[in-house]
Amino acid sequence: MTFAIRREMARNEWINSYLEAILDVGTSNKKRFESNSKIVQKLGDMNRKEPQEKVFSPIKYFVEEVVNSFDESDLYKTWIKVIATRNTRERSNRLENICWRIWHLARKKKQIVWDDGIRLSKRRDEREKGRNDAEEDLSELSEGEKEKSDAVTTLEPPRDQMPRIRSEMQIWSEDDKSSRNLYIVLISMHGLVRGENMELGRDSDTGGQVKYVVELARALANTEGVHRVDLLTRQISSPEVDSSYGEPVEMLSCPPEGSGSCGSYIIRIPCGSRDKYIAKESLWPHIHEFVDGALNHIVDIARSLGEQVNGGKPIWPYVIHGHYADAGEVAAHLAGTLNVPMVLTGHSLGRNKFEQLLKQGRITREDINKTYKIMRRIEAEELSLDAAEMVVTSTRQEIEAQWGLYDGFDIKLERKLRVRRRRGVTCFGRYMPRMVVIPPGMDFSYVLTQDSQDADADLKSLIGPDRNQIKKPVPPIWSEIMRFFTNTHKPTILALSRPDPKKNVTTLLKAFGECQPLRELANLTLILGNRDDIEEMSNSSSVVLMSVLKLIDQYDLYGQVAYPKHHKQSEVPDIYRLAAKTKGVFINPALVEPFGLTLIEAAAYGLPIVATKNGGPVDIVKALNHGLLVDPHDQQAISDALLKLVANKHLWAECRKNGLKNIHRFSWPEHCRNYLSHVEHCRNRHPTSSLDIMKVPEEPISDSLGDVDDISLRFSMDGDFKLNGELDASTRQRKLVNAISQMNSMKGGPSALYSPGKRQMLFVITVDSYDDNGDTKANLEDVIKNVMKTAGLTSGKGKIGFVLATGSSVQEVVEMTKKYLINLEEFDAIVCNSGSEIYYPWRDMEVDADYEAHVEYKWPGESLRSVILRLACTKLETEDDITEYTSACSTRCYAISVKQGVETRRVDDLRQRLRMRGLRCNIVYTHAATRLNVIPLCASRLQAVRYLSIRWGIDMKKSVFFVGEKGDTDYEDLLGGLHKTIILKGAVGSDSEKLLRSEENFKREDVVPRDSPNISYVEENGGPPEMLSTLEAYGIK
């Protein structure tokens, strides 16, 4: 009992000491804290605006110590004690207020951590349930599979001789690939990307990823069999940045003469405001603009390459590779439109960052989402996982500890599915992307032979006694660094990163400043990007740099620490050489390092390393054996490791030798061979069908091509099939689909090409006009007729094609047009069932079988039926609450009827549960939320129009979408992109958008750009004249 009392008293003494220290800081700095109200305001702002802190704050330190080290009950007791012993002095009153404020912060942090724990627990339970459901389905083998399994069993060797299941992948060989003429597309959307003088570290968006993608593009272009590599990024014509970022095309590598290769290029795609630099957190609303611009470029290049080397047949990309979440979403849309494999590299992951920020308890979930757009980023990563054939990671830790946090990837389920595929056993429509570890490569061409030797002549020319006699010039950056040091002969500890809090430079400085032996033995060089004025830098960068300057002053490190303001990318090799020639050490103390390319660069220059044990450095040090790993939070461990390497010359030499010996494992040629081998292996699982671009006929074709007989579709099932026959709607629909399927299968090959003539523009009607019961409203007739009348008033009459895109089935569309006396043949295409099917009225309502094959990939089909019925409803009271809507179902759409008033899961919730079970599909609520359409992942109304634009050779810029003010849950997708959008006010009654996503998720402004010049409104009852004036404002006359 006595011990407990003493312990409690000791804890209270610590709290009292910290509170007194806070008051002392406030007293000594009256300019900042002149009154109690300002102290309280400071403490309140600390929790809300911690990322914007610009100066080192002792108050912050003591508050964090109290909040993180003591329970709220201790704080409460201290507060009670302060109240009981207070007097009229101002200091006592201030102490009481501060104590209460910190107690409040502690309780708030505890609540955040508690809420986060509950959320994670629920998510873990749901993931486990999803995995169990998938494993239960996968455990049920069909009779044919059981026979196959039994046959395999009889041929199995003894267990001690059983071979391991190995991949069928073959290593890429340059000997037999020279005639492949591969076209590869890489995408890195954000940041400042150029081939020379990269401004790495200029901001948080321009870091190692920029260097990685540029060097990858060059290396792939130099690989045999690769004809052309395009690196797509955003075009920036802002006066804030160099004019080179506004150039549409930049050549990265020029192919050797006679090679037949085109080389590699940076292609800059306009999206968003061209005259403004946009941070990656604000790029999300412009994703579809980038997709459409990239699609135009790829189609042009595919045509050009086809004419050059493929007999006029387009050469589509061999793979589309997205880097980071934003480019991953772009790649997913492009791969789905073009039906080519997609590869993803995350670089850094949003869910991992989100969990770390929540664990800190300093900022709420809402503030995290508002600042970092983290939920939008996570959904983009989940969508990228859905579409990706392969995910390239740098380390195994990235797979298990980071990608393992996502709904769309389960390492246990992925292994089980992979084994089943190799054995030829069905996976019941379930799919997981393949994770492969391919460490980033490095260009060693600028590493000199002298770097692998112990020569130090260059160094002596700078710091030796005969430096004035030696005429050999030394790198300017050496002089820039050396001017900071009192003793230039000491070994140099080098840290090179952008000024980001995650890079943990302040902990390194504290470790160096508090270790006297290390200060006596070595100098410290901090290369933290480029700066002119700290005050003009981003908040996070200025916070780090101000903290660095404060710590240098606090520990009196003048003459021992170098922190140059500028350096060029071309000078980085010289910086490594300086550290190596002084027998120094490179250090990467980041809190978490996804890979750690700088550790490989250091090894190439013979520089031993100390690195964080969190992330990629674990695998790098294991492969190279050229340094030590430390806990980035442990200052003592950091200083001990640095001192050990610098002081122990034998250990230093051994690490240097190992790094130089093993560095070839991280060369770019090795990386490209592994990369292309994995891509080729993945392509073996991907459909081989590809898009054909329609050749425009030489002679004009009539608006209606229904009288062409060679490919007309005729139905014959015990007689002619008639839409107005006596059969019920369900039977008619089923027979229609069967007849279409039979006719296409009899053709024995891809369906014939068809085109609506010389169309130069598309008017797409996507108004989701339903009443509360989900029935089509009569005003849709007026919308369709007004749009067609408006087209007739333009000078482009006859050159405008019409597309109706709807969530209804083809049977419902036919009946609707008959009811309202709309001539169906005036439409060039009907997009049905939320984009899963395309029909051509001018071909007797022939279905586009190519499009069906196009979107089929990863479609679970029949395996989805029982799962979706089980998951869709939150609380099933009667069996007919949700039922299969048979008459609207087809081979590519599973339609569910939802009774009014029944609670069903939102799209985001339902998609999450399907992902956890390995099922990849698109989910759309339509007909005023009375119907749920489950369609293939690559199918949507927007994707269907993109498909048509490519087939018919019509730029998406020349498309006009007519929509209502609200609509189905895919409504947001229809608003973004290069097409023009006209919103018809009052055209829609009831909508389905309430079932799109929860309030905690991202907002519409994260999907659709505000004040977009491509979006206009037509007032209610506005007819053809108002529509025409809106079109004229777009330049359509």
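Thresholds, definitions, all that
Residues numbered from 1 in each chain as written. Predicted model: local features only at pLDDT ≥ 70, side-chain atom pairs only at ≥ 80, totals over all residues. Heavy atoms only, no water. UniProt positions renumbered as here; feature names shortened; annotations may be inferred. Helix = DSSP H or I, 4+ residues; strand = E, 2+ residues; numbered from the N terminus. Buried < 20%, exposed > 50% of the residue type's maximum accessible area, 1.4 Å probe, protein only. Polar contact = N/O pair within 3.5 Å; in protein donor to acceptor, adjacent residues only side chain to side chain. Contact = heavy atoms within 4.5 Å. Pairing = 2+ DSSP bridges. Right-handed = clockwise from strand over helix to strand, strands pointing away. Axes fitted to C-alpha atoms, helices over the stretch in contact; angles between N-to-C directions. Parallel < 35°, antiparallel > 145°, perpendicular 65-115°, else oblique. Left-handed = near helix turned anticlockwise from the far one by under 90°. Nonpolar A, V, L, I, M, F, W, Y, C, P; charged D, E, K, R; others polar. Salt bridge = Lys/Arg side-chain N within 4 Å of Asp/Glu carboxyl O. 1 Å grid on protein atoms, 1.4 Å probe; cavity = no way out; pocket = protein on both sides within 12 Å on 5 of 7 lines; lining within 4 Å. Points joined across faces, edges and corners; volume = space filled by probe spheres on them. Expected span 1.5 Å × (residues − 1).

As recorded by an unreviewed UniProt entry, the protein chain carries the name Sucrose-phosphate synthase and is attributed to Brassica carinata. Its UniProt record gives the protein chain the following Subunit (unreviewed entry) comment, quoted word for word: "Homodimer or homotetramer."

A few points about the side chain of R377
Assignment of secondary structure puts R377 in helix α12 (residues 374-387). On the basis of relative accessibility, which here comes to 6%, the residue R377 falls in the buried class. Among the polar contacts listed, one links the side chain of R377 to the side chain of Y324, at a separation of 3.1 Å. Setting aside residues up to four positions removed in sequence, R377 forms contacts with W284, Y324, A325, S348, L349, G350 and K353.

A few points about unusual backbone geometry
Notably, N833 is not glycine yet its phi reads approximately 50°, a positive angle. Tracing the backbone through its elements, the reader meets N833 in the loop between β17 (829-832) and β18 (837-840).

Some points on the pairing of strand β13 (residues 609-612)
In this sheet, β13 lies alongside strand β12 (residues 585-588) in parallel orientation, the contact comprising three bridges. Each residue of the ladder has a partner; that of F586, found in β13, is I609. Note that the unit made of β12, helix α21 (residues 597-604) and β13 has a crossover that is right-handed. Where β13 meets strand β14 (residues 627-630), four bridges bridge the pair, whose relative direction is parallel. Paired with V610 across the bridge in β14 is L628. Assessed by its sense of winding, the connection that carries the chain from β13 through helix α22 (residues 617-624) to β14 is right-handed.

Some points on the environment of L305
Among the secondary structure elements, L305 is positioned in helix α8 (residues 287-309). Overall, the relative accessible area of 2% leaves L305 in the buried class. Once the C-alpha coordinates of L305 and I315 are considered, the two residues, 10 residues apart in sequence, prove to be 6.0 Å apart. Beyond its immediate sequence surroundings of up to four residues, L305 is in contact with Y183, H227, R228, C262, N310 and I315.

Structural notes on the sheet that holds strand β20 (residues 882-884)
The sheet built from four strands is open, its strands ordered β20-β21-β23-β22 with antiparallel pairing. Taken across any chain shown, the strands that pair with only one partner, and hence form the sheet edges, are β20 and β22 (921-926). Each neighbouring strand pair of the sheet contributes to a mean axis angle of 25°, computed without reference to strand direction. As paired strands, strand β21 (residues 894-898) and strand β23 (residues 931-936) are joined by four bridges and run antiparallel to one another.

Considerations on the packing of helix α17 (residues 505-514) against helix α23 (residues 635-647)
The N-to-C vectors of α17 and α23 enclose an angle of 65°; their axes lie 9 Å apart at closest approach. Classified by the angle between their axes, α17 and α23 sit roughly perpendicular to one another. Judged by the sense of rotation from one axis to the other, the crossing of α17 with α23 is right-handed. Of the residues in α23, those touching α17 at T507, L508, K510, A511 and E514 are Q635, I638, S639 and L642. By residue class, the composition of the contact of α17 with α23 is four nonpolar, three polar and two charged.

A word on the pattern of salt bridges
The tally for this structure, following the rule as stated, stands at 52 salt bridges. For E196, the salt bridge is made with R218, and the minimal N-O distance between the two is 3.2 Å. Of this pair, E196 sits in the loop between β1 (182-187) and α7 (208-221) while R218 sits in helix α7; the two residues are 22 residues apart in sequence, bridging distant segments of the chain. Given a relative accessible area of 54%, E196 falls into the exposed group. With a shortest N-O distance of 2.1 Å, K211 and E601 are connected by a salt bridge. One end of the pair, K211, is in helix α7; the other, E601, is in helix α21, and 390 residues separate them in sequence. The exposure classification of K211 matches that of E601, with both residues buried. Each of the salt bridges in this network shares a partner with another, and the network as a whole consists of E126, D133, R870, R905, D909, R913 and R917.

A look at empty space enclosed by the protein
Scanning the model with the defined rule gives 10 cavities of 30 Å³ or more in all. The computed volume of the largest cavity comes to approximately 660 Å³. If you trace the largest cavity, you find 35 residues lining it, with H333, L383, R911, N922 and D973 closest to the centre. Sort the elements by how many residues they give to the lining of the largest cavity and α12 lands first, with six residues. When the residues that make up the lining of the largest cavity are grouped by side-chain class, the tally is 15 nonpolar, eight polar and 12 charged.

Structural notes on helix α25 (residues 668-683)
Across its 16 residues, α25 extends 22 Å between first and last C-alpha, which sits within 8% of the 22 Å expected from 1.5 Å per residue. Every buried residue of α25 is listed here: W668, H671, C672, Y675, L676, S677, H678, V679, E680, H681 and C682.

Some remarks on the sheet that holds strand β7 (residues 390-393)
Strand order in the open sheet formed by eight strands is β3-β4-β2-β1-β5-β6-β7-β8, and the pairing between neighbours is mixed. Only two strands of the sheet have a single partner each, and these edge strands are β3 (249-253) and β8 (434-437). Strand-to-strand twist across the sheet, computed as the mean angle between neighbouring axes with direction ignored, equals 25°. Alignment of β1 against strand β2 (residues 226-234), held across six bridges, turns out to be parallel. Bridging across to β2, I187 finds its partner in L232. Sitting on the sheet, helix α9 (residues 324-338) is in contact with β1, β5 (319-323) and β6 (342-345), with an inclination near 160° to β5. Packed onto the sheet, α12 meets β6, β7 and β8 and runs at close to 140° relative to β6.

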